[in-house]
Protein chains: 2
Amino acid sequence: MKRNSRLSLALHTLSHMAGEPDRMQTSADIADHAGTNPVVVRRVLGKLREAGLLTSEKGHAGGWRLARKPQDISLADVYLALDERLVASDEISDAPACSVEHALQKRVSGVLEEIEQSLVQKLGETSISEVRGA
Amino acid sequence: MKRNSRLSLALHTLSHMAGEPDRMQTSADIADHAGTNPVVVRRVLGKLREAGLLTSEKGHAGGWRLARKPQDISLADVYLALDERLVASDEISDAPACSVEHALQKRVSGVLEEIEQSLVQKLGETSISEVRGA
DNA sequence: ATACACGTAACTTTTGCAGTTGCATTAGTC
DNA sequence: GACTAATGCAACTGCAAAAGTTACGTGTAT
């Protein structure tokens, strides 16, 4: 796998689940389909569960299922659940030290913040149920 | 240094150069100011030279200088010169294999492409000479 | 009791990038 | 011409983030 693999994995999995929302899927099934590892799947889907997009059940016949109707889960929900910040960087780089650098950071991070917002907004316009046929 | 360090380095350096466009600076000077290594500086500035933003001269009293007036170099010029693609990914991931994945990629990469465009557009609104005082 | 699935921690492997070293090339200066 | 100071470039090292892997504890249906 490559960069953005967590997001890819999450979106791919949820899009599939949108197809048959009532079917319970195990992390092994999902990993198999996505060509990765059950533990990686659980790590990623765990964040989606924290965000209330999925539920998981332990034990025999356990697995993963959508927590809401597919129409009510947007691509932005998934993106935000993983707090990836594809564009902007959360980290406040320590002590600019140089006034030019300071001014620059202010300017650039402003732009990036706007872009980040508009990315989320655009992703919010599509639900995982819309992706399938498209 | 951290993520996006190439872009940071490039922008920081050019912003300084915008202050005294006629002064020739060596990669050692620049590296010193930026807290990094001359070779790294040459690597990054080399791309800016390829893009026509800078010129370099070898030999005694050589170094780096802006190739154009500071007002004519936008942040987008710098960004594009490094072909970083902060948002979108150039790589066409091989053989979707699964129709849902295919549809998803199409949708998501479409959004990312739009966002990338608008990032460039926004960066294009500021020149390196405007950053200093701001 | 057993089998199955998640939850999680610890470790290994991979990968991208900064950092580093070394050397050839070029261009002024003596 | 010899010397010095700069870029250009290739090859290697070091490091950190993320995926992948292994192992084991916990919960649950049969």
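In the block above lies the structure referred to throughout.
A brief structural summary. (Residues numbered from 1 in each chain as written. Chains lettered and ligands numbered in written order. Predicted model: local features only at pLDDT ≥ 70, side-chain atom pairs only at ≥ 80, totals over all residues. Heavy atoms only, no water.)

1. As for the overall build of chain A
- For chain A, the helix and strand inventory stands at six helices and two strands.
- For a compact globule of 134 residues, the expected C-alpha radius of gyration is about 14 Å, and chain A comes in at 18 Å, more than 25% above that figure.
- Considered along the principal axes of its C-alpha atoms, chain A spans approximately 60 × 30 × 25 Å.
- Taken over 134 residues, chain A has a buried fraction of 41%.
- In chain A, 69% of the contacts between residues at least 6 apart in sequence involve partners at least 24 apart.
- Accessible area for chain A stands at about 7,100 Å²; split by element, carbon and sulfur atoms hold 47% of it. (Helix = DSSP H or I, 4+ residues; strand = E, 2+ residues; numbered from the N terminus. Rg over C-alpha atoms; globule rule 2.2 N^0.38 Å. Buried < 20%, exposed > 50% of the residue type's maximum accessible area, 1.4 Å probe, protein only. Contact = heavy atoms within 4.5 Å. Areas by Shrake-Rupley, 256 points an atom, 1.4 Å probe, with all protein chains shown as cover.)

2. Here we look at helix α1 (residues 5–19) of chain B
- The end-to-end C-alpha separation of α1(B) is 22 Å, in line with the 21 Å expected for 15 residues at 1.5 Å each.
- Taken residue by residue, α1(B) has L7(B), L9(B), A10(B), L11(B), H12(B), T13(B), L14(B), S15(B), M17(B) and A18(B) as its buried positions. (Expected span 1.5 Å × (residues − 1).)

3. As for the relation of the copies chain B and chain A
- Of the transformation placing chain B onto chain A, the axial shift is 0.0 Å and the rotation is 180°, giving an RMSD of 0.2 Å. A rotation of that kind, with that shift, is consistent with a two-fold axis. Minimal C-alpha separation from the rotation axis in chain B is found for V87(B), amounting to 3.0 Å. (Least-squares fit on C-alpha atoms with pLDDT ≥ 70 in both.)

4. Notes on the protein's contact with DNA strand C
- Neighbouring DNA strand C are 24 residues; S27(A), R49(A), S5(B), T36(B) and R43(B) lie closest to it.
- Among the atoms of DNA strand C lying within 4 Å of the protein, the sugar-phosphate backbone contributes 65%.
- Note that a phosphate oxygen of DNA strand C is positioned 2.2 Å from one of the side-chain N or O atoms of R49(A).
- At 2.7 Å, a side-chain N or O of R43(B) approaches a base nitrogen of DNA strand C.
- Taken together, the elements giving at least two residues each to the surface near DNA strand C come down to α3 (38–50), β1 (54–57) and β2 (63–66) of chain A together with α1 and α3 (38–50) of chain B. (Near = heavy atom within 4 Å. Polar contact = N/O pair within 3.5 Å; in protein donor to acceptor, adjacent residues only side chain to side chain.)

5. A short note on empty space enclosed by the protein
- As enumerated under the stated definition, the model contains one cavity of 30 Å³ or more in all.
- The set of elements that each furnish at least two residues to the lining of the largest cavity consists of α1 (5–19) and α4 (75–81) of chain A together with α5 (99–123) of chain B. (1 Å grid on protein atoms, 1.4 Å probe; cavity = no way out; pocket = protein on both sides within 12 Å on 5 of 7 lines; lining within 4 Å. Points joined across faces, edges and corners; volume = space filled by probe spheres on them.)

6. With respect to the protein's contact with DNA strand D
- The immediate surroundings of DNA strand D are formed by 25 residues, with T36(A), R43(A), G59(A), S27(B) and R49(B) found nearest.
- When atoms of DNA strand D within 4 Å of the protein are split into backbone and base, the sugar-phosphate part holds 62%.
- At a separation of 2.6 Å, a phosphate oxygen of DNA strand D approaches a polar side-chain atom of T36(A).
- Every element with two or more residues in the surface near DNA strand D is listed here: α1 and α3 of chain A together with α3, β1 (54–57) and β2 (63–66) of chain B.

7. Considerations on unusual backbone geometry
- Backbone geometry places D83(A), a non-glycine residue, at a positive phi of 30°.
- By the secondary structure assignment, D83(A) is in the loop between α4 and α5 (99–123).

8. Section: the side chain of S27(A)
Residue and element names in this part refer to chain A.
- Mapped onto the secondary structure, S27 falls in helix α2 (residues 27–34).
- Within the structure, the side chain of S27 is placed 3.1 Å from the side chain of R42, a separation counted as a polar contact.
- With residues up to four places along the chain from it excluded, the contact list for S27 reads P38, V41, R42 and W64.

9. Notes on the interface of chain B and chain A
- Taken together, the contacts link 33 residues of chain B with 36 residues of chain A.
- The contact between chain B and chain A buries some 3,200 Å² in all, and 68% of this surface belongs to carbon and sulfur atoms.
- On the surface where chain B and chain A come into contact, there are four salt bridges.
- Among the ionic pairs, E114(B) bridges to K122(A), the shortest N-O distance being 3.5 Å.
- Remark: the boundary between chain B and chain A carries six residue pairs in polar contact (both at pLDDT 80 or more). (Buried area = accessible area lost by both parts, 1.4 Å probe. Salt bridge = Lys/Arg side-chain N within 4 Å of Asp/Glu carboxyl O.)

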